[in-house]
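# Inside the fold
Letter by letter, the chains look like this.
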Amino acid sequence: MSHDPAATPLEKARELVEDLTFSHAKAWKAAHPGGLVVGHLPIYVPRPLFEAMGCLPVTIYGGGDQVDVVRGDSYFQSYICHIPRSTVELGVSGALDGFDAFVFPSTCDVIRNLSGMWKILFPQKAVAYLDMPQNFDAHLGGKFYALELRRIARMLEERGAKALTSAALAAAIEKENERGVLLDQLDSIRRDEPWRVRASEAYVAIRAGTLLPVEEHIALLSELIPAVRQRPARAYDNARVVVVGSFCEQPPPGLIKTLEQSGCDIVSDDFNLGLRAVRGKIEVAPGEDPLVALARAFIDQGTQTACRYVGKAKKGGALVETVKSSRADGVVFLAASFCDPALLDQPMLEAALDEASVPHTSVKFAENTGQFQSVREQAGAFGDSLKLWGAA
Amino acid sequence: MSTVPVAKEVSQIRQKTMIADHFKRLSRAKEDGKKVIYTFVPGNLSELLGALDLLPVLPEINALQSGMRGKSAAYIAEAERQGHSEDVCSYVKCDVGMSLSGNIGPTGEKLPPPDALLLSHTGCFTFMKWFELLREQYKCPVIMLHVPYQGDGEITAEMRRYMVEQLRDVVIPALEEIAGKQLDLNELSRRLALSAQAEDDLVRVWEAGKRRPAPIDGYFGGVYYVGPIFSAFRGTEEAVAYYRELREEVEARAARGEGPLTPIGPITNERYRLVVEGPPCWTSFNDFWSMFAKEGAVVVASTYTKVGGLYDTGFRHDPAQPYEALADYCLGCYTNHSLTRRIELLSKYVRDYSADGFLVNSVKSCNSFSVGQLQMMREVEARTGAPGGFIESDLVDSRYFGKANIANRLQSFFQMIDARKARRSA
Ligand code: SF4
Ligand code: SF4
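These remarks concern the structure in this document. None of these values were measured; they are calculated from a predicted model.

Rules of the game
Residues numbered from 1 in each chain as written. Chains lettered and ligands numbered in written order. Predicted model: local features only at pLDDT ≥ 70, side-chain atom pairs only at ≥ 80, totals over all residues. Heavy atoms only, no water. 1 Å grid on protein atoms, 1.4 Å probe; cavity = no way out; pocket = protein on both sides within 12 Å on 5 of 7 lines; lining within 4 Å. Points joined across faces, edges and corners; volume = space filled by probe spheres on them. Helix = DSSP H or I, 4+ residues; strand = E, 2+ residues; numbered from the N terminus. Nonpolar A, V, L, I, M, F, W, Y, C, P; charged D, E, K, R; others polar. Near = heavy atom within 4 Å. Contact = heavy atoms within 4.5 Å. Buried area = accessible area lost by both parts, 1.4 Å probe. Salt bridge = Lys/Arg side-chain N within 4 Å of Asp/Glu carboxyl O. Polar contact = N/O pair within 3.5 Å; in protein donor to acceptor, adjacent residues only side chain to side chain. Expected span 1.5 Å × (residues − 1). Sits in = over half its atoms within 2 Å of the grid points. Buried < 20%, exposed > 50% of the residue type's maximum accessible area, 1.4 Å probe, protein only.

## Here we look at the layout of surface pockets
As a volume, the largest pocket reaches approximately 750 Å³. Surrounding the largest pocket, 38 residues form its lining, Ser268(A), Asp269(A), Arg279(A), Thr303(A) and Thr322(A) being those nearest its centre. For the lining of the largest pocket, the secondary structure elements donating two or more residues are helix H7 (166-192), helix H8 (199-208), strand E5 (239-244), strand E6 (264-269), helix H12 (317-325), strand E7 (330-336) and helix H13 (340-355) of chain A. Looking at the lining of the largest pocket, the element that brings in the most residues is H12(A), giving 5 residues. Here the lining of the largest pocket is composed, by residue class, of 17 nonpolar, 11 polar and 10 charged. Approximately 550 Å³ is the volume attributed to the second largest pocket. Around the second largest pocket sit 19 residues that line it, and Lys312(A), Val142(B), Ile143(B), Met144(B) and Val170(B) are the ones nearest its centre.

This is the structure we're talking about:
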């Protein structure tokens, strides 16, 4: 069997993603005395803010299918999604002991209330709720959001983080922009030559970035991208799909692979959306406070998602656009069970797809789902129908 | 709120007439040239709408009324047929189903479509989805008012300023455009002063629950008491008259040493004094209430009756600062409070109202209420020593009301209280 040129960076990423003891964060802390590890829940926090203060932001995506939830279940009723259970399990089992602070962004009511639970469970940690604006006027929501970021910065500083300076923030934004360019490259490879990098591979490569300092993620992507370009071309006859709805609780890796094995190439998705919640370069105008620029980027360049008020834009318009730009044949809705934002959004997105004559199907999951047979059949039938439609 | 078969007091008859008149006004809105705004109970801006002569429709109230009138199952089924998930909030599905089925309101009259949706984004993320859905359906504008959450348990100057600026620069201009007239700030202040009067009397009603026996039920009865102030009537003379009358009735009942009226008659043997957290189950409202009343259980205080305004901790609409009053009102609704504050409030209720126990009714629909309730229960128990009980149901989806299961759990809960009382008197 010939050697896969992308094996090394992918293996590195996989190890990081599968390590729910967060040993890399511990190692980072040991190597950065005085640095804080800041855990945050999905979807998004502005990572450059933390990096600029000498902190390591780490996205906590719950325990996936790796953690046996024992105590976590006693905190939540049966009709609540899975990610808060496994997150509490990680917390009470000590896996997050090395973290210094936690930020809960305003994703939904579950994460909002979890912020309060966390304060009670772990009173010795710094815990903040971060209110992202739903008003997208720079002078209103933008101003409020910048103040929110300053509040978080103050909390970290009180815990011993480096003071926030404009120079450090501008430099961290610069790095974030570099990462963005690489993520765009990876996306375009998936779009143009999906056989070079499967969605399940891109998934771990991107998710690793939610755990690493930005420079290390840049290094990993810089190794991966040329490597996948060296992979040999192969015959290609899969249906091209966009997957949407997994922006918070993440599907188990087996589920992503099942979709692929059922003949669907995922050419675009909203997994790990935190790294893509702001699209394009974050521009800092000459003389501008970089914090204001960071806030403005969220206001003006934010990705449309169920947790962001759609404002005047057409609901589902962004999804239809993604389908077109990624030349997808159809859409798979992949929402976590009991995820109100995703599931309430779905009928509106479906309507927009129907209007644009884009076929779609829908699958629900929990992060710890272990049985994929019915998904295999459903996705296989959907993929087949897309190919037939496409050929018609 | 007209369906409970209890003996009617004068205030109830007045409320019934007020609500019937409002729905009549709504049914004639188009011919009368009135503009209609749909908005939510928490963070409703009734005084502002009233000052601009705009008529409010509150979809949550329609949903709960549909639940009480046995219509919600069909509406939810209709929404699920249209692709809505079984997992999500049943209020939304009930409302969507109702509008797809002709939008007939609780009084049997057709509700007018909205001229705009005022999305006061207070204490619940589902509100945003709900109005996005209605926007698609009615093709009308949405006016977003983003209300920050009190994550650290307080209203900061930054939050208040953000709210005031949104009101001044976004909400009021948009409403003025729809109303076709400018806001008269004096009229707004006049209405805010009326609100504060009614709020004073409502607080006196709540505080009557501290008496023994309690002359009110602050949950099952309480949801009727909040009807006018949570909906279209805050800031009106009608609401002032209603709350004055209600207060006098309650004070008279207290003076006579009478317990609250319930679907099975007045409570004459108050055995259990309870504090309840969480909304009621509307589809089996009378059944549910009767399970308590039969045991002599009275809810002396509840949090659900604070979702549309938390007045008993001191907030009043201040006519001297109209924008700030509206801002603080929205920021202060119960579900916009941090879990820590909710626990503190519940513990205070248990102590101040001399409650024997604390019960959570956790509804499947509502993540805003429900996430954290198990932890809240343990904390309140630890802080007050009062036993905590936990039952589950739903707001308007009767598939989640398991009568036998709830009855069993209630029995165990009452036994826990009895055992504690026995221990204490031993
Ligand atoms: S999966 Fe959905 S409901 Fe659950 S925490 Fe995430 S966004 Fe909220
Ligand atoms: S989730 Fe709760 S607060 Fe939100 S609309 Fe549903 S019932 Fe109301």
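## A short note on the site of ligand 1
All names here are of chain A. Close contacts around ligand 1 come from Cys 81, Ile 83, Thr 107, Cys 108, Val 110, Ile 111, Cys 248, Glu 249, Phe 338, Cys 339, Asp 340 and Pro 341, and that covers them all. When residues of the shell around ligand 1 are traced back to their parent elements, those giving at least two are helix H5 (109-121) and H13. Each residue belonging to the shell around ligand 1 can be placed in one class, and the counts come to 9 nonpolar, 1 polar and 2 charged.

## With respect to the interface of chain A and chain B
For interface size, the figure often reported is the accessible area lost on association. The partner chain B presents 55 residues to the 52 residues of chain A that form the contact. For the chain A and chain B pair, buried surface summed over both sides reaches about 4,600 Å², with 58% attributable to carbon and sulfur atoms. The largest contributions to the chain A side of the interface with chain B come from Tyr79(A), Tyr309(A) and Leu344(A), which together make up 15% of the buried area. At the boundary of chain A and chain B, one finds 6 salt bridges. With a shortest N-O distance of 2.8 Å, Lys364(A) and Asp87(B) are connected by a salt bridge. Seen at the junction of chain A and chain B, the total is 28 residue pairs in polar contact (both at pLDDT 80 or more). At the level of elements, H5, helix H6 (138-158) and H13 of chain A are the ones that each hand at least two residues to the side of chain A that touches chain B. In terms of residue count, H5(A) provides more of the side of chain A that touches chain B than any other element does, 10 residues in total. Its residues assigned to classes, the side of chain A that touches chain B shows 27 nonpolar, 12 polar and 13 charged.

## Concerning helix H15 (residues 339-352) of chain B
Working note: α-helix, 3.6 residues per turn, so residues spaced by three or four point in the same direction. Here H15(B) spans 20 Å end to end across 14 residues, near enough to the 20 Å set by a 1.5 Å rise per residue. Where H15(B) is buried, its residues touch H5 of chain A together with strand E7 (272-277), strand E8 (297-302), strand E9 (357-363), helix H16 (367-370) and helix H17 (373-384) of chain B. A positive phi of about 45° marks Ser354(B), the residue just after H15(B).

## Remarks on empty space enclosed by the protein
Residues and elements named next belong to chain B. In the structure shown here, the tally under the stated rule is 13 cavities of 30 Å³ or more. Considering only enclosed or pocket space, the largest cavity measures out at about 400 Å³ in volume. Sorting the residues of the lining of the largest cavity by element identifies helix H4 (59-68), helix H7 (126-138), helix H11 (227-230) and H16 as the ones contributing at least two each. Looking at the lining of the largest cavity residue by residue, the classes come out as 20 nonpolar, 8 polar and 2 charged.

## Here's the deal with the site of ligand 2
Residue and element names in this part refer to chain B. Taken together, the residues surrounding ligand 2 are Cys 89, Tyr 91, Cys 124, Thr 126, Phe 127, Trp 130, Ser 365, Cys 366 and Leu 395. Most atoms of ligand 2, that is more than half of them, are within 2 Å of grid points of the largest cavity. Here the residues of the shell around ligand 2 are counted per class, giving 7 nonpolar, 2 polar and no charged.

## Details of the side chain of His146(B)
Within the secondary structure, His146(B) sits in strand E4 (residues 142-146). Under the relative-accessibility criterion, His146(B) is labelled buried at 2%. Only 3.4 Å separates the side chain of His146(B) from the side chain of Asp131(A), close enough to count as a polar contact. Discounting chain neighbours no more than four positions away, the residues touching His146(B) are Asp131(A), Met132(A), Pro133(A), Gln134(A), Asn135(A), Phe144(A), His121(B), Tyr162(B), Met163(B) and Gln166(B).

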